[in-house]
Amino acid sequence: MIIEQRITTPASQPSPGQLIDRANRLVQAIASPTIVQLVLRVALAVPFWRSGILKWNGFLTLSDTATTLFSDEFMLHLPGGPYHYPAPTVMAFLSGSGEILFPILLILGLGTRFAALGLLFMTVIVELTVPDGWPVHITWAAMALGLMAYGPGRVSLDHLLRNAMRATESDR
């Protein structure tokens, strides 16, 4: 004889589905879009900033090391190459400027999508220079693409400026 047994839970105990829903809500609260976007901005800014500050001896004064890297060490790994960088002093200046300016914009959340686009472009150039670094470079690219797609989040000057512009437009 087969006896039918049912698992019954008292009304005070949550069902497994309710427990899963609670766990999902907790994870979503921890990883709210605002926090995620802020962390993405900081995480992408830090490695570029750290590289950028090494390229300068003072305000708009490139270090000799930066120029030497672009003239003697760094090579573009393109088909038929590798090739030396054209105009190494200009490339060092542009690289150093981007590595300082774009991270500042990201941290402030000002022009975030454009700063992320600039760092994505720089990531492509870095990948062409150091192709074995792709595991790190792909994470930089993913962070930049995420910021380009979803924006800076609420903790940003972009968000404040957008709200201020909407308020002035609605006052008209």
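All values reported here derive from a predicted model rather than from experimental measurement.

(A) Region of interest: helix H2 (residues 33–53). Along its 21 residues, H2 runs 30 Å from first to last C-alpha, staying within 8% of the 30 Å computed at 1.5 Å per residue. Helix geometry: H2 is bent most strongly at Val-46, by close to 30°, with proline Pro-47 lying one to four residues after it. Those residues of H2 that fall on the buried side of the exposure criterion are Gln-37, Arg-41, Leu-44, Ala-45, Phe-48 and Gly-52.

(B) Examining the packing of H2 against helix H4 (residues 88–108) more closely. Look at H2 against H4: their axes get within 8 Å of each other, and the N-to-C directions meet at 155°. Of the possible angle classes, the one that applies to H2 and H4 is roughly antiparallel. Considering only the axes of H2 and H4, their crossing is left-handed. On H4, the residues that touch Arg-41, Val-42, Leu-44, Ala-45, Phe-48, Trp-49, Ser-51, Gly-52 and Ile-53 of H2 are Glu-99, Ile-100, Pro-103, Ile-104, Leu-106, Ile-107 and Leu-108. Each residue belonging to the contact of H2 with H4 can be placed in one class, and the counts come to 12 nonpolar, two polar and two charged.

What counts, and at which threshold
- Residues numbered from 1 in each chain as written.
- Predicted model: local features only at pLDDT ≥ 70, side-chain atom pairs only at ≥ 80, totals over all residues.
- Heavy atoms only, no water.
- Helix = DSSP H or I, 4+ residues; strand = E, 2+ residues; numbered from the N terminus.
- Expected span 1.5 Å × (residues − 1).
- Bend = angle between axes of the 7 residues up to and from the residue.
- Buried < 20%, exposed > 50% of the residue type's maximum accessible area, 1.4 Å probe, protein only.
- Axes fitted to C-alpha atoms, helices over the stretch in contact; angles between N-to-C directions.
- Parallel < 35°, antiparallel > 145°, perpendicular 65-115°, else oblique.
- Left-handed = near helix turned anticlockwise from the far one by under 90°.
- Contact = heavy atoms within 4.5 Å.
- Nonpolar A, V, L, I, M, F, W, Y, C, P; charged D, E, K, R; others polar.

Purely geometric stuff here, so don't read any function into it on its own.
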